[in-house]
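Geometric and topological summary
Listed below are the residues making up each chain.
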Amino acid sequence: MTAGLCQPSLFINNRTKFFATSEHMQISIVNLNKSYKRHGEKRSPVISGLNLFIEKGESFGFLGPNGAGKSTVIKILMNFIRSDSGEIEICGESILNSNVRRYVGYLPEQPIFYDHLTAEELLRYGGKASGVQDDSLEERISWLLDRLNLSHAKKKPIRTYSKGMTQRTGLALAMVHDPDICILDEPMSGLDPMGRKLVADFILDMRTAGKTVFFSSHILSDVERLCDRVGVLNKGKLLFCGPIDEFKNLTGDIERSFVSMIENDNRGRG
Amino acid sequence: MKHIWLVSGITIKEGIRNRVLLGVLFFALVMCAVNVVVTGSFTRDLGKVAVDVGLSTVSISGLAIIFFLGMPLLAKDLDKLTVYLVLSRPIARRDYILGKFIGLNTLVFVSVLILSVITAISVKLIMGLSPAYIPPLFSWTVFAMAVFFSFLSLVVMTSLSILYTCLSSSTYMAFIFTIGTYLIGQNIELVRTLLKQANPEGSLTLSLLSAASWIFPNLSAFDRKTSAAYGLDFHWSTFGITTAYAVSYTLLVLFITVLVFNRRELT
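Note that the structure is a prediction, hence the values are computed from the model and not measured. Counting starts from 1 at the beginning of each chain's written sequence and moves along it residue by residue. Chains carry letters from A onward and ligands carry numbers from 1 onward, assigned in written order. Totals for whole chains, interfaces and linings use all residues, but because this is a predicted model, local features are given only for residues with pLDDT of at least 70 and pairs of side-chain atoms are given and counted only at 80 or more.

Examining the overall build of chain B
Under the scheme used here, helices are H or I runs from DSSP no shorter than 4 residues and strands are E runs no shorter than 2 residues, and both carry numbers assigned from the N terminus. If you tally the helices and strands in chain B, you get 10 helices and zero strands. Taken from N to C terminus, the helices and strands of chain B fall in the order α-α-α-α-α-α-α-α-α-α. Computation of the radius of gyration draws on C-alpha atoms alone. For the globule rule, the value is 2.2 Å times the number of residues to the power 0.38. Here chain B has a C-alpha radius of gyration of 20 Å; the compact-globule value for 267 residues is 18 Å, and the two agree. Expressed along its principal axes, the backbone C-alpha trace of chain B runs to roughly 60 × 50 × 30 Å. Throughout, a pair of residues is in contact if the C-beta atoms placed from their backbones lie within 7 Å. Taking as baseline every contact in chain B between residues at least 6 positions apart, the subset at least 24 positions apart corresponds to 84%.

Description of the packing of helix α3 (residues 46-79) of chain B against helix α6 (residues 140-167) of chain B
Residues and elements named next belong to chain B. Lines fitted to C-alpha atoms define the axes here, with helix axes fitted over just the stretch in contact, and angles between the N-to-C directions of these axes take values from 0 to 180 degrees. Closest axis-to-axis distance for the α3/α6 pair is 10 Å, and the angle between their directions is 25 degrees. When the axes of α3 and α6 are compared, the pair comes out roughly parallel. Crossing angle aside, the handedness with which α3 passes α6 is right-handed. Along the contact surface, α3 presents Val 51, Leu 55, Val 58, Ser 59, Gly 62, Leu 63, Ile 66, Gly 70, Met 71, Leu 74, Ala 75 and Leu 78, while α6 presents Phe 143, Ala 146, Val 147, Ser 150, Leu 154, Met 157, Thr 158, Ser 161, Ile 162 and Thr 165. Polarity classes work like this: nonpolar for Ala, Val, Leu, Ile, Met, Phe, Trp, Tyr, Cys and Pro, charged for Asp, Glu, Lys and Arg, and polar for all others, with Gly in that last group. The class makeup of the residues in the contact of α3 with α6 is 15 nonpolar, seven polar and no charged. Oblique is the label for every angle not falling under 35 degrees (roughly parallel), over 145 degrees (roughly antiparallel), or within 65 to 115 degrees (roughly perpendicular). For any helix crossing, the convention is left-handed if the near helix is rotated counterclockwise from the far helix by under a right angle, and right-handed if that rotation is clockwise.

Quick look at the confidence of the model for chain B
All names here are of chain B. Considering every residue of chain B, the mean pLDDT works out to 86; 100% of them sit at 70 or more. As a per-residue measure, pLDDT tells how confident the predictor is, with possible values from 0 to 100. The spread of mean pLDDT over the elements of chain B runs between helix α9 (residues 225-230), the lowest at 77, and helix α10 (residues 236-263), the highest at 93. Of the two predicted TM-score estimates for the complex, the pTM is 0.86 and the ipTM is 0.82.

Encoded structure:
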């Protein structure tokens, strides 16, 4: 993405008001609310007044127990579901504009692909859909498949892949257009240690290359290794947002900090 | 436009590699063989029976492709969220719907083309074996027009199947709605005509049926088996009006589908 495409924006937080430019801010979520109506019952809030700002080149870990609302936030960011209220921008552009996803690479929690396509065909489609030129696309596909250890299976239908291979194919698809922002929903779930290392190394490489990485995870050791900052979400409320060291220093151990924060919040809510 | 072709491209690829398509084509081939064998046992109107069975095979096979290939492909996208891999790209939801529609109709078109060639061969064979029973006015142009109308009715049904899949939360319901619409569309005009004859001064049922005929497609307008069997020429204005009806109905359904799909939460 070129810097010129991002316009300066004004983000209004509940507590603070500040200006951010595209040079610094790539994802901004302001006062996001989302609730679901289930079986005619009253709408129950899933996300309440969430404010979150991710800077350019930052690796941000989104933590929270099951059902905290992490995936909901990611799905709203990708415009798969609609928020009840709030302003969400990527590179200063509204997420309602489909063109904004040109800058985004997305990996769902459980990637499911078209069964009869091969990895190579899938990546070719992904690259073309994101506007990658034909001449550089083949080179990129070949590099990605090699990097994620999928070259041997590139001509096989995806339905024959193992879970780990499917997850890595999803990561390759997310990265095929070399996006500036990577949104990864539980990128390491269900992977064996080798697969986890491969994906973790890939995320580290993206971080080194100055890409913005926003990912949710349950695996705290990975978060500790890969993130600059973390956000902790519980029952739709952001409990903490700050540098990973600050979070760790709350108790001296990342896992203990996480557990005590969630338990305190649950106790506080009764 | 580029995005629409991309979505239709992967829909076609996925469809072609699906065994359901082969199964439907195999069924059609068997039906054509049966046509040749069974028609021989009729003692009159051989030509009409051959054309009727042949064109019915084309229609039924086309419907089978919509029901067993098209709808499951779309339903899988929405139920298993394969749609994420499309909509996580800079592809608008409108382009996704149009791409799916074009992709599915391309599959239906190619199948109808193959089936109509096979049907034409079987009809030609039957007429060759029993030249005395060839209707004197039989024309391959009218036969081709009947096939084209059959395809138009399938285009209308494809658009409706996409709408129902986007509207309902369950594939099963979408399936039921599509079959229901097909049956209503095939018979509504006949029932209306019969009711009109029985109650020339009108009734509540007739009014309701008239209202329904504005909502459901009049699929009987696309049924030209009799014209094809006897070579009854139909006027070009009929051809133009019926084609315009199919196109405008389809566009309206697609417009509603895009509105519905734009509001749908993909979870």
